[in-house]
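# Breakdown of the fold
Letter by letter, the chains look like this.
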Amino acid sequence: MLALERALLRGFLSAAESLEWKQGEVAAAESGSLLQLMFDGEYEAIFSNSAVQNVFSASSVTEENIDTFLEKQILAYLDCSAEVDNVERQRLMFLLGVGSLQLFVQSNWTGPPVQLKLQDFLPPALLQKFCEPKVLHATILKMLVLDGESVYTLTSHPILLLIARIILVNSRHKLTSLQTLPWWTLRCVNIHQQLLEERSPELFTLAQACIKQVTEAEALFTDGESWHLAVQFHLESAYTFLFYYEYKKAKHCFNMAKDITKLQINLTGALGKRTRFQEKYVAQLILDVQRTDGFFLPHSELSPAATPLESLTINYDLNDDTVLNEIKLADADQYQVPDLCAEELAVILGICIDFQKNNPIHKLTEEELLAFTSCLLSQPKFWAIQTSALLLRTKLEKGSTRRMERAMKQTQALADQFENTNTSVSERMKLFYCCQVPPHWAIQRQLANLLFELGCTSSALQIFEELEMWEDAVICYERAGQHGKAEEILRRELEKKETPGLYCLLGDVLKDHQYYDKAWELSRHRSARAQRSKGLLHLRNREFRDCVECFERSVHINPMQLGVWFSLGCAYIALEGYEGAAKAFQRCVTLEPDNAEAWNNLSTAYIRLKQKIKAFRTLQEALKCNYEHWQIWENYLLTSTDIGEFSEAIKAYHRLMDLKEKYKDTQVLAILVRAVVNGLADRAGEVSSGLKGKLQELLGRVTSRVTNDGEIWRLYAQLYGNGENDSSEDIEKSLQYLTKAHKCEIQSSDWEKDVSSFKEVVKGAIEIAHVAIKCSKNKSNHQEALQILSSARLNLRGLSSKAKQLFVDVTSNEVHSEIADEVTAMDNMIAELQELSNQLRDQC
């Protein structure tokens, strides 16, 4: 049976497996006919099977709820001690669960539309409790709500997911004979999650448990024939982790899949032409895909066969008068992509999606992603991969004027393919679960968004209203300035049926808390959205205390709301509740480890809590996520300086100067200079004097950019010993930098009018004179020495004259007493300099 379970996961039987199966006992059993229908893609026919009809048949129905009735019937069948053996009953229910899931996927993802009616397999006694089909539909959707997150209202045939969930999730403890059950449960979880408004912690916990179970099921992947399934499983796990912000685990799974296929996937440059009139070949970005040492994967018969080209979605040419449809390479043979099998193409798509999630939105990232899509579309073989690659390309091309028309036509074709009956369901289902194809309404939504961006507002609104995506419709009206129309459409829908979601949207439009309260009451205090929206309105109005209460209620219902945790942390910081802020931002970075803003804010909370070491480590994580954010670097600089990580502070200062050309922080530089000059110990206990060379390099860079700050020049001189060193080179540099500091000081306005400022300038000038004397003594050339002394003397003479002009008592004609000492010191120093100059002249 394990071989058949594996084949079911793949979606087809190989020729050898088909022959073996027809001779086995399963083919003759009732479950055998269901299995054949599954392989043929005839999922609707499963519900016409007599055994399945018997499971749901009941003369009287006592249960109020559909889910209770279904679960009772399924468990009763599994526990039945009739003539059919237990393993066969488990097989039958398992196949019903898988078939329901596959039919649900066909009904909402792959198409063509499903014609199944509930009365075809459910007893009339159960259905007659619902007066209208719409009421029944809404009731089933409510049963699929998890963690307070609503389900998309136009989900087609939700009963199928409900049946799949009852069998593959709720009753899985009864299906002990099926070894691949956890994998199908994982698939069911992933499909269910895509219907919900936000991520569900309950589904994520279940998904993790399923991944663990499948990983530990050695029998699934032991022999050499199972590598195809191993690749698919790693890809499915990777997409699950990626969706729930577990980026590192996702990357590990993508790499595991890549390692199995032994593909080498690299972005590289190659000479080529991109436009029709280009004469010279220039470097173009392409994806180079090679197999390691010409390795060919064994058991190719177990890999899905390619779908005929006419059954795939059309890939429109660019048809531009300038830009070529694809890059024309100078040496196309050198970069020829080998003929890839299904799993290899799926791996390239997975690496592409992982690359997209782990890189910022940037023109370069777009070019890199287009290189991936070009590679994937160069080998059109599978519906799921073709659809995913085309969708990604349209998203990337919509911003380009030359490619926008193709993006529009391509999105329309992708939206229309759902209704197309030319491609069989079994062809569309190949690799479906390891490609993350969006549901058909998400493609239509993308089409509507594109129309809106092109200015076709009425066409976009028509699609949004048909899809009952009221939030998007409201945004459309709001952007078009038709606020009244947005309110009108919501009130019209509320008259038909009151739902928490519609009341929340009305609250968003009118910015009125009463509608959020109404949504909260209507949901019986289970709508995370109602409290989220109410909290955001409080935040906008700077009502932080009320905002915190709402956000806390929202995350209590659903803890996987990244945006709410972030806003909650910001509100706590505004209230100076730093412990609450630290907890909120900690949850943010747990959910999304690459969120630089959250890491930065977390460090701010730690700084306020006096936990500076934690803040330092947190900022290191923030910088890994965003190396270009100057505010994070500034926080890192200040924190590093504060805790004694002087080497990191110097590195941070350099980076800040890369990002902001004239950045300066004199306080930090003063601390660093003091640490190096005085030989203070850093956080590791090492003496900081060893950083002198690095700090000299930094100050050299700072003074080359900021030339008019006397304090920085003084610090630079201090680093060279302020003329106190024995090194003649250091003394000369000290003199040079002190002179520059003095020039900056006397160029500033009003220093002469204030006595204290004047005294500081005089003090600096006397210091220069002392260093000048030392420097002149080290000069072998008497002319140079004379020049140094003359410069210092002239500077002092000018200051002395200014002092005698500005600070003289009119009556006594004497210098003011508060500056008299400085004037005397200057006159004495002038005399000393004159004496030394005379001695040097005598020696010449």
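In this report, we go over the structure that sits alongside the text.

Moving on, we get to the pairing of strand S2 (residues 282–291). Along any regular strand, the residues point their side chains to alternate faces of the sheet. The pairing of strand S1 (residues 263–275) with S2 spans 10 bridges and is classified as antiparallel. Bridge assignment links Gln-264 to a residue of S2, and that residue is Gln-290. What sits between S1 and S2 in their antiparallel hairpin is a turn of 6 residues.

Now for the side chain of Ser-388. Assignment of secondary structure puts Ser-388 in helix H18 (residues 383–397). What makes Ser-388 buried here is its relative accessible area of 10%.

When the charged atoms of two side chains with opposite charge come close together, those side chains can pair. If you walk through the whole model with that rule in mind, you get 39 salt bridges. Across the pair Arg-10 and Glu-17 runs a salt bridge, and its minimum N-O distance is 2.5 Å. Judged by relative accessible area, which is 7%, Arg-10 ranks as buried. Across the pair Lys-534 and Asp-517 runs a salt bridge, and its minimum N-O distance is 3.2 Å. Taken together, the residues Lys-534 in helix H27 (residues 528–540) and Asp-517 in helix H26 (residues 513–522) connect sequence positions 17 residues apart. Among the residues examined, Lys-534 registers a relative accessible area of 11% and is labelled buried. Each member of the salt-bridge network shares a partner with another, and the members are Glu-149, Glu-197, Glu-471, Asp-508, Arg-529 and Arg-532.

What follows concerns the sheet that holds strand S3 (residues 323–329). Strand order in the open sheet made by the 3 strands is S2-S1-S3, with antiparallel pairing throughout. Strand pairing shows two members of the sheet lacking a second neighbour, S2 and S3, which therefore form its edges. Averaged over all pairs of adjacent strands, the angle between their axes in this sheet comes to 45°, without regard to strand direction. The sheet contact formed by S1 and S3 spans 3 bridges and is antiparallel. Along S3, the bridge assignment pairs Lys-273 with Lys-328. Along the sheet face, helix H17 (residues 363–377) touches S1 and S2 and points at about 50° away from the line of S2.

Moving on, we get to the nonpolar core. Membership of the largest hydrophobic core comes to 276 residues, with the highest contact counts inside it found for Phe-47, Phe-56, Ile-66, Leu-70, Ile-159, Leu-168 and Ile-348. If one sorts the elements of this core by residue count, helix H39 (residues 755–777) sits on top with 12 residues. Setting aside chain neighbours within four positions, we find Phe-47 in contact with Val-52, Gln-53, Leu-96, Ser-100, Leu-103, Leu-116, Phe-121, Leu-160 and Ile-163.

Further remarks concern the packing of helix H7 (residues 86–110) against helix H11 (residues 181–193). For any two helices packed against each other, the geometry comes down to the angle between their axes and how far apart the axes lie. Their axes nearest at 11 Å, the elements H7 and H11 cross at an angle of 30°. Taken as axis vectors, H7 and H11 run roughly parallel relative to one another. Once H7 is placed against H11, the crossing between them reads as left-handed. Contact residues: Phe-94, Val-98, Leu-101, Gln-102, Phe-104, Val-105 and Trp-109 in H7; Leu-181, Trp-184, Arg-187, Cys-188 and Ile-191 in H11. Split by residue class, the contact of H7 with H11 holds 10 nonpolar, 1 polar and 1 charged.

What counts as what
Residues numbered from 1 in each chain as written. Predicted model: local features only at pLDDT ≥ 70, side-chain atom pairs only at ≥ 80, totals over all residues. Heavy atoms only, no water. Pairing = 2+ DSSP bridges. Helix = DSSP H or I, 4+ residues; strand = E, 2+ residues; numbered from the N terminus. Buried < 20%, exposed > 50% of the residue type's maximum accessible area, 1.4 Å probe, protein only. Salt bridge = Lys/Arg side-chain N within 4 Å of Asp/Glu carboxyl O. Axes fitted to C-alpha atoms, helices over the stretch in contact; angles between N-to-C directions. Contact = heavy atoms within 4.5 Å. Core = buried A, V, L, I, M, F, W, Y, C linked by side-chain atoms within 4.5 Å. Parallel < 35°, antiparallel > 145°, perpendicular 65-115°, else oblique. Left-handed = near helix turned anticlockwise from the far one by under 90°. Nonpolar A, V, L, I, M, F, W, Y, C, P; charged D, E, K, R; others polar.

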